[in-house]
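Take a look at the letters that make up each chain.
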Amino acid sequence: MRLILLGAPGAGKGTQSKNISEKYGIMHVSTGDILREEVKKNTELGIKASKYMQEGTLVPDDLVIEIIRNVLSSASSRKGFLMDGFPRTLNQAEKFDGMLKNLGLSIDKVVNIIVSEETLVKRLTGRRVCHSCNNICSISMFKDGQAKKCPVCGGKLFKRKDDEEEVIRQRFHVYEKQTRPLIKYYKKNGLIEDVDGSGSEKEVTERILSAL
Ligand code: AMP
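As a starting point, this report considers the structure included with it. (Residues numbered from 1 in each chain as written. Predicted model: local features only at pLDDT ≥ 70, side-chain atom pairs only at ≥ 80, totals over all residues. Heavy atoms only, no water.)

Attention now moves to the site of the ligand. In the vicinity of the ligand there are 16 residues, among which Thr31, Arg36, Thr57, Gly85 and Gln92 approach most closely. At a separation of 2.8 Å, a nitrogen atom of the ligand approaches a polar side-chain atom of Thr31. One of the backbone N or O atoms of Val59 is found 3.1 Å from a nitrogen atom in the ligand. At 4 residues, helix α2 (residues 31-40) tops the list of elements feeding residues into the shell around the ligand. Each residue belonging to the shell around the ligand can be placed in one class, and the counts come to 6 nonpolar, 5 polar and 5 charged. (Near = heavy atom within 4 Å. Polar contact = N/O pair within 3.5 Å; in protein donor to acceptor, adjacent residues only side chain to side chain. Helix = DSSP H or I, 4+ residues; strand = E, 2+ residues; numbered from the N terminus. Nonpolar A, V, L, I, M, F, W, Y, C, P; charged D, E, K, R; others polar.)

Below, the structure written as C-alpha cells:
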C-alpha cells in the first residue's frame, strides 16, 4: 500500500499517519520529522533547512526530493509507505510521480483531511511534541493545561517553534498558495478521498480506514 496524506497544518496528518501506517505495517515518512532530526543533529541539510522551517516557509524542493529519493531506495519502503507532509508543491508531486514511475510503482490513494480553520488554529497552538518519541499530543489532554511529560514514554514535551501564532499564519498562507493546488492535481488522477478530520483521533482514523 502506497499512500499520501494531504491536509492543512494542524489537520492531524502526523497523528493519523502513525495510526494508519501501524495498521498496514507500512513505513511512515514525515519529511517534517526527518528535517527536524537533521536540524537537531546540526547536519549540512539541517543547517540549510532550519531558516525556512523557523519562518514557516517551505524548504527548497531539491533538498526535500533528495530525502525522498533516499527513502525510496531504502529496504523499509518496499512494503509500502505513507507520505506525511510530502509532496507539498506541484513540482514535488511531478518529480515524485517520475521517481515512482522509474521504479514501476504508483500511488494507491491520496487522503485529504478536511478541518475548519478555527479548529486548525486551536489544535496547532495547543500542540505539544515529545522530544524522545515524537508523540504528538494536545494540552487539552492534561487537566491543569500544563503538558510537561509525554503520556507514552515520559519524555519531555515541547512546543514546536513554528506553532507560534505568527508562524502559523505564514504556514496557512504557504499551504493555500503552494500545497492546496495538489488536491486538484490528484483529483485529476482520480486518487483523492476527502475525509472529515473533525472529532476525536479515533473517529478520524476510522473514517480514513473506511475510505481506503
Ligand atoms: P511539518 O512537520 O510537515 O508541518 O513540516 C514542518 C516544516 O518542515 C514545514 O513548515 C516546512 O518548512 C518543512 N517541510 C516539511 N515537509 C516539506 C516539504 N515536503 N517541502 C518543503 N518543506 C517541507
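On to the pattern of salt bridges. Here the structure, examined in full by the defined rule, presents 13 salt bridges. Note that Asp162 is salt-bridged to Arg160, the shortest N-O span being 2.9 Å. Considered together, Asp162 and Arg160 belong to a single accessibility category, that of buried residues. (Salt bridge = Lys/Arg side-chain N within 4 Å of Asp/Glu carboxyl O. Buried < 20%, exposed > 50% of the residue type's maximum accessible area, 1.4 Å probe, protein only.)

What follows concerns the side chain of Ser17. Here Ser17 lies in helix α1 (residues 13-24). The class of Ser17 is buried, set by a relative accessible area of 0%. Apart from residues no more than four positions distant in its own chain, Ser17 is found in contact with Leu5, His28, Leu82 and Asp84. (Contact = heavy atoms within 4.5 Å.)

The subject of this paragraph is the sheet that holds strand β5 (residues 127-130). Strand order in this open sheet of 3 strands is β6-β5-β7, and the pairing throughout is antiparallel. A single partner strand is all that each edge strand has here, and the edge strands are β6 (136-138) and β7 (157-158). As paired elements, β5 and β7 share 2 bridges and run antiparallel to each other. Bridge pairing in β7 places Val129 opposite Phe158. (Pairing = 2+ DSSP bridges.)

So, on to the layout of surface pockets. Here the second largest pocket defines a volume of roughly 420 Å³. Forming the boundary of the second largest pocket are 17 residues, of which Arg36, Val39, Phe158, Arg160 and Lys161 lie nearest the centre. Of all elements in the fold, only α2, α3 (44-55) and β5 reach the threshold of two or more residues within the lining of the second largest pocket. Broken down by element, the residue count for the lining of the second largest pocket peaks at 5 residues, all from α2. Partitioning the lining of the second largest pocket into residue classes produces 5 nonpolar, 4 polar and 8 charged. (1 Å grid on protein atoms, 1.4 Å probe; cavity = no way out; pocket = protein on both sides within 12 Å on 5 of 7 lines; lining within 4 Å. Points joined across faces, edges and corners; volume = space filled by probe spheres on them.)

These values are about where atoms sit, not about what they do.
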